[in-house]
Amino acid sequence: MTNTKTVLPTEHCETCPAFTQLEQMGIKVGDFDRVIALAGNPNTGKSTLFNALTGLKQHTGNWPGKTVTRAEGGFEFNKMRYKLVDLPGTYSLLSASQDEEVARDFILFGQPSCTIVVCDATSLERNLNLVLQVMEITENVVVAINLMDEAKRKGLEVDPRSLSRDLGIPAIAITARSGEGIHTLLGAVSDVIEGKIETKPLRVHGTPEFQKAVNELVPMIEQMAPGIPNARWLAIRLLDGDARVQKALSTGELGDIVSRQQRADVQFSGKMSVKGRQ
Amino acid sequence: MEANEILAKAESLRNGLSTGFRDEIVKSLYTEAENIAKRAVKTTSEKKYDFDQKIDRLVTSPYAGLPIMLLLLSLIIWLTVSGANVVSGWIAVVLFGIGDYGRALFNQIGAPWWLTGFIWDGVYLGLAWVVSVMLPPMMIFFPAFTFLEDLGYLPRVAFNMDWLFKKTGAHGKQSLTMAMGFGCNAAGVIATRVIDSPRERLIAILTNNFVPCNGRFPTLIMLATVFVAASFPPALTSFIAAGTVVGVVLIGVMFTFIASWVLSKTVLKGEASAFTLELPPYRRPNISRILYTSIIDRTIFVLWRAMQTAAPAGAIIWILANIHLGDSNLARLIADWLNPFGLLLGLDGVILLAYIIAIPANEIVVPTMMMVYMGAGMMINGPTSNSAIFDLLVNGNGWTMLTAVNLMLFALLHNPCATTIMTIYKETKSVKWATLSVVMTLGTAFVVTFLTASIARLFGWA
């Protein structure tokens, strides 16, 4: 079923040091080095990007909510194997519908090495709400601004650099249907994972009294689960009274994640060849 | 630090916050997003999606919206019916020809009669039937449906039908899951995950079976062509047949509304919740992707599943037909035993037997029925033309127009196939709801066919 591959444009000459190589691996993801999550609003082309990267043929219907389960696939980029998880499309991560829970649980508990948030260039403002929420949970986020061609047709021009600057994370313009910009996107993803790009995600703070309450909770959570990467977000959710997070805390699920994460760090450390900006 | 301590602390901190703090967070999130977007997006021209908006104004207008939808549905079904008829006969000739050849070959090498019979008149005939009946409609219906899906038409359907679902206490997105049900009810049940409210999601799950899936379309198409359309001039046949199938689909939609309304007034009480549905821009569908999705992912997948049940079903029928008891065989005896109940519903014993054997997959109802009628052991191949089918059913087995109409109704309303029932169980994690889905549909099917049969007999129509 996965034999036919979408041919992606090569963006560099093979002799150039910047030459990058993408190999679609379909569903053969048994052995991988990194996990990447694909998040985004419904109908922004997440599944199209997923197919372009993995060579799979996940059906991409043009209606919001088409992907209701997690789809997984793999690809190899610059000798590194990636597992890609296509999450259901959601407008936010705050409510409790099943698709939002699948997406949020994976970003929070699945601990992907990096999360790509696919945005619709034609309605950026609404899409950014989700980007900001994902950035609350994890630092390793890359924004892929998709449907640039549609935006142009609509008379809109999106400046990825301005977005990058404001959000503190890489923002890459892509057209998933034709494969344009995908190599640049993957380059940014691997740089973020390897620490060559240091993200400084913008965090929305709320009122000062709320901020104070968050700051009181964070050390308590960190004390209970040392090394937890998103204590701040958990504190916010606890203040909001989020039942799922409360449950994860009292069942010890959070502690498990931290220990799993630490084991994984040890495993990965051998492969982290370059650190810091070159 | 204990989890309970943290939870208690969070609780007390929350109580200390001013009441609107949640709104404050959401508001600051939105303001931030707005500011960032303002800086990053430049409007280069005032050109908007003029064309898209014009189309949307038409296809979602209160007057033209529903008629256009009906027209598109009729067009797809007409394409399916008229195309399938041509191809179906052709495939049947080839496959049954292969059957003749295989049987002759087995006889030549001196294989025992029971082996020849079991393989060629049982397993192979079951497979040949299911392929020739199912493949053609699927090959036309799936690409056409996928085209509309990729174009972006489905959310417009939801928009058009929202007020109807709201009136029945169901969720507007139920029309999306209903549309998916045309392909496969199990897929439709899974698609209900887009509905947030558990109550409305259950309504969508329980009523999904009232739209005929692709496994049931062939039955409807055959009956509409052979019985309803047969008495019209040949030029009109395909239109009459398609119109009949559309009519059956509309009856199914009507039952969806009735059942949704009854459910939301009884076991699933509540009001319809509000939701926002984005109308995505129309996108030019990618033809090769459509063909890939509809042929590989859908057609082959569904056909393979049908074949997996058709082969053993063919074997069972052959065995039942070849265990002789006195003058009769076991298949006939079971059918005769079921006959009184079948006649009460305006059907007959063979049809009920076929439905029992076809519980794993609805696709094999027609093949099973045909094989029992033909007495599978007697080396008769399936009738390859509509007139031959008509002859077999009416002159050979006493069918009337009532049998045909009631079989269409029964095919539309009866219990979900085993796969769908399993899917309902997995999605709801409840034996109760899975059972209700069977009882509700089967009960409706019995009551409706009994009523039509009684009325038809009362007025002397049958």
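Small disclaimer: the values here were computed from a predicted structure and weren't measured.

### Brief notes about the overall build of chain B
Logical step 1: Within chain B, the regular secondary structure consists of 19 helices and three strands.
Logical step 2: Its C-alpha atoms give chain B principal-axis dimensions of about 85 × 55 × 55 Å.
Logical step 3: Intrachain contacts of chain B at a sequence separation of at least 6 include 75% that bridge at least 24 residues.

### Considering the overall build of chain A
Logical step 1: What chain A contains, in helices and strands, is 10 helices and eight strands.
Logical step 2: Residue burial in chain A is summarised as follows: out of 278 residues, 47% are buried.
Logical step 3: For chain A, long-range pairs separated by at least 24 residues make up 68% of all intrachain contacts whose partners lie at least 6 apart in sequence.

### Quick look at the packing of helix H5 (residues 113-151) of chain B against helix H10 (residues 217-228) of chain B
Residue and element names in this part refer to chain B.
Logical step 1: Closest axis-to-axis distance for the H5/H10 pair is 9 Å, and the angle between their directions is 100°. On the basis of their axis angle, the class for H5 and H10 is roughly perpendicular. Every residue of H10 that contacts H5 at Val133, Met134, Pro137 and Phe141 is listed here: Phe217, Pro218 and Ile221.
Logical step 2: Within the contact of H5 with H10, the residues separate by chemical class into seven nonpolar, no polar and no charged.

### Things to note about the environment of Ser294 of chain B
Residues and elements named next belong to chain B.
Logical step 1: Assignment of secondary structure puts Ser294 in helix H12 (residues 287-322).
Logical step 2: In this structure the C-alpha to C-alpha distance between Ser294 and Trp433, which are 139 residues apart in sequence, comes to 31 Å.
Logical step 3: Look past the residues within four positions of Ser294 in its chain and what remains in contact with it is Phe142, Pro143, Thr146 and Thr299.

### Looking at the domain arrangement of chain A
Residues and elements named next belong to chain A.
Logical step 1: Taken as a whole, chain A is organised into domain 1 (22-194) and domain 2 (208-269).
Logical step 2: The interface of domain 1 with domain 2 comprises seven residues on the first partner and seven residues on the second.
Logical step 3: Where the side of domain 1 that touches domain 2 is concerned, the elements lending two or more residues are helix H2 (98-109) and helix H3 (124-137).
Logical step 4: Here the side of domain 1 that touches domain 2 takes three residues from H2, the largest share from any one element.
Logical step 5: Residues belonging to the side of domain 1 that touches domain 2 are distributed by class as follows: three nonpolar, two polar and two charged.

### Details of the interface of chain A and chain B
Logical step 1: Every contact between the two is made by 49 residues of chain A and, on the other side, 54 residues of chain B.
Logical step 2: Elements with a contribution of two residues or more to the side of chain A that touches chain B: H2, H3, strand E7 (156-158), helix H5 (160-167), helix H7 (208-224), helix H8 (231-240) and helix H9 (243-250) of chain A.
Logical step 3: Examining the composition of the side of chain A that touches chain B, we find that nine residues originate from one element, H7 of chain A, more than from any other.
Logical step 4: Classifying every residue of the side of chain A that touches chain B gives 22 nonpolar, 16 polar and 11 charged.
Logical step 5: Sheet analysis places E7 of chain A next to strand E1 (residues 41-43) of chain B, joined by three bridges and oriented antiparallel. Bridge pairing in E1 of chain B places Leu156 of chain A opposite Thr43 of chain B.

### Overview of the pairing of strand E3 (residues 71-77) of chain A
Along a regular strand, successive side chains alternate from one face of the sheet to the other.
Residue and element names in this part refer to chain A.
Logical step 1: Buried residues dominate E3, accounting for five of its seven residues.
Logical step 2: Of the pairings in the sheet, the one linking E3 to strand E4 (residues 80-86) comprises seven bridges and is antiparallel in character. Paired with Phe75 across the two strands is Tyr82, which belongs to E4.
Logical step 3: Counting the residues in the hairpin turn of E3 and E4 gives two residues, including Asn78, whose phi is positive at 50°.

### Some remarks on the nonpolar core
Across soluble globular proteins, nonpolar side chains show a tendency to be buried alongside one another.
Logical step 1: Counting 118 residues, the largest nonpolar core has Val245, Ala354, Val372 and Met408 of chain B as its most contacted members.
Logical step 2: If you tally residues by element for this core, the top one is H5 of chain B, at 16 residues.
Logical step 3: Residues contacting Val372 of chain B, with those up to four places away along its chain left out, are Ile317, Ala331, Ala335, Val350, Leu353 and Ala354 of chain B.
Logical step 4: Core analysis: the next-biggest nonpolar cluster, separate from the first, contains 83 residues, Ala37, Phe50, Tyr82 and Leu124 of chain A among them.

### Side note on the environment of Thr256 of chain B
All names here are of chain B.
Logical step 1: Locating Thr256 in the fold gives a position in helix H11 (residues 237-265).
Logical step 2: For the pair formed by Thr256 and Leu413, sequence separation is 157 residues and the distance between their alpha carbons is 10.0 Å.
Logical step 3: In this view, Thr256 contacts Met178, Thr207, Phe210 and Val211; residues no more than four positions away in its chain are not counted.

### A word on H12 of chain B
Logical step 1: In a regular helix each residue adds 1.5 Å, so 36 residues correspond to 52 Å; H12 of chain B covers 49 Å between its end C-alpha atoms and thus fits that length.
Logical step 2: Of all the bends found along H12 of chain B, the most pronounced is centred on Thr299 of chain B and spans about 30°.

### With respect to the pairing of strand E6 (residues 141-146) of chain A
Residue and element names in this part refer to chain A.
Logical step 1: The buried count for E6 comes to six of six residues, which makes it a mostly enclosed element.
Logical step 2: Here E6 shows no split at all, with Val141, Val143 and Ile145 on one side and Val142, Ala144 and Asn146 on the other all buried.
Logical step 3: For strand E5 (residues 114-120) and E6, the ladder comprises six bridges, and the chain directions are parallel. In the sheet register, Val118 faces E6, and the bridge partner there is Ala144.

### Structural notes on the packing of H5 of chain A against helix H2 (residues 21-40) of chain B
The angle between the axes and the distance between the axes are what describe a pair of packed helices.
Logical step 1: Contact geometry of H5 of chain A with H2 of chain B gives a least axis separation of 8 Å together with a crossing angle of 150°. One element, H5 of chain A, and the other, H2 of chain B, form an angle in the roughly antiparallel class. Judged by the twist between their axes, the crossing of H5 of chain A over H2 of chain B is right-handed. Here H5 of chain A contributes Ser162, Leu163, Asp166 and Leu167 of chain A to the contact with H2 of chain B, which in turn contributes Ile36, Arg39 and Ala40 of chain B.
Logical step 2: Looking at the contact of H5 of chain A with H2 of chain B residue by residue, the classes come out as four nonpolar, one polar and two charged.

### Regarding the confidence of the model for chain A
Residues and elements named next belong to chain A.
Logical step 1: Looking at chain A as a whole, the pLDDT averages 77, with 74% of positions reaching at least 70.
Logical step 2: Across residues 1-6, where pLDDT falls below 50, the model places 12 contacts with residues more than four positions away in sequence or in other chains.
Logical step 3: The model gives residues 264-278 a pLDDT under 50, and that stretch makes eight contacts with residues more than four places away or in other chains.

What counts and what doesn't
Numbering of residues starts from 1 in each chain and follows the order in which that chain's sequence is written. To read the labels, note that chains go from A and ligands from 1, taken in the order they are written. Only residues with pLDDT of at least 70 are given local features in this predicted model, and only at 80 or more are side-chain atom pairs given and counted; all residues enter the totals for whole chains, interfaces and linings. The secondary structure listing takes helices from DSSP runs of H or I that are at least 4 residues long and strands from runs of E that are at least 2 residues long, numbered from the N terminus. By definition, residues are in contact whenever their C-beta atoms, placed on the basis of the backbone, come within 7 Å of each other. Between the buried cut of 20 or more and the exposed cut of 12 or fewer other C-beta atoms within 10 Å of a residue's own C-beta lies the partly exposed class, and all C-beta atoms are placed from the backbone. Every axis in this analysis is a line fitted to C-alpha atoms, fitted for helices over the stretch in contact. Angles between the N-to-C directions lie between 0 and 180 degrees. With respect to orientation, any angle under 35 degrees is reported as roughly parallel, any angle over 145 as roughly antiparallel, any angle of 65 to 115 as roughly perpendicular, and every other angle as oblique. The residue classification treats Ala, Val, Leu, Ile, Met, Phe, Trp, Tyr, Cys and Pro as nonpolar and Asp, Glu, Lys and Arg as charged. All others, Gly included, are polar. Either an automatic procedure or a domain database provided the assignment from which the domain bounds are taken. Only when DSSP finds a minimum of two bridges between them are two strands counted as paired. By our criterion, buried Ala, Val, Leu, Ile, Met, Phe, Trp, Tyr and Cys residues that link up through C-beta atoms within 7 Å make up a nonpolar core. Multiply 1.5 Å by the residue count of a helix minus one, and that product is the helix's expected span. Bend, in this description, refers to the angle at a residue between axes fitted to the seven residues ending there and the seven starting there. A clockwise turn of the near helix away from the far one marks a right-handed crossing, whereas an anticlockwise turn of less than a right angle marks a left-handed crossing. A residue's pLDDT is simply how confident the predictor is in it, with values from 0 to 100.

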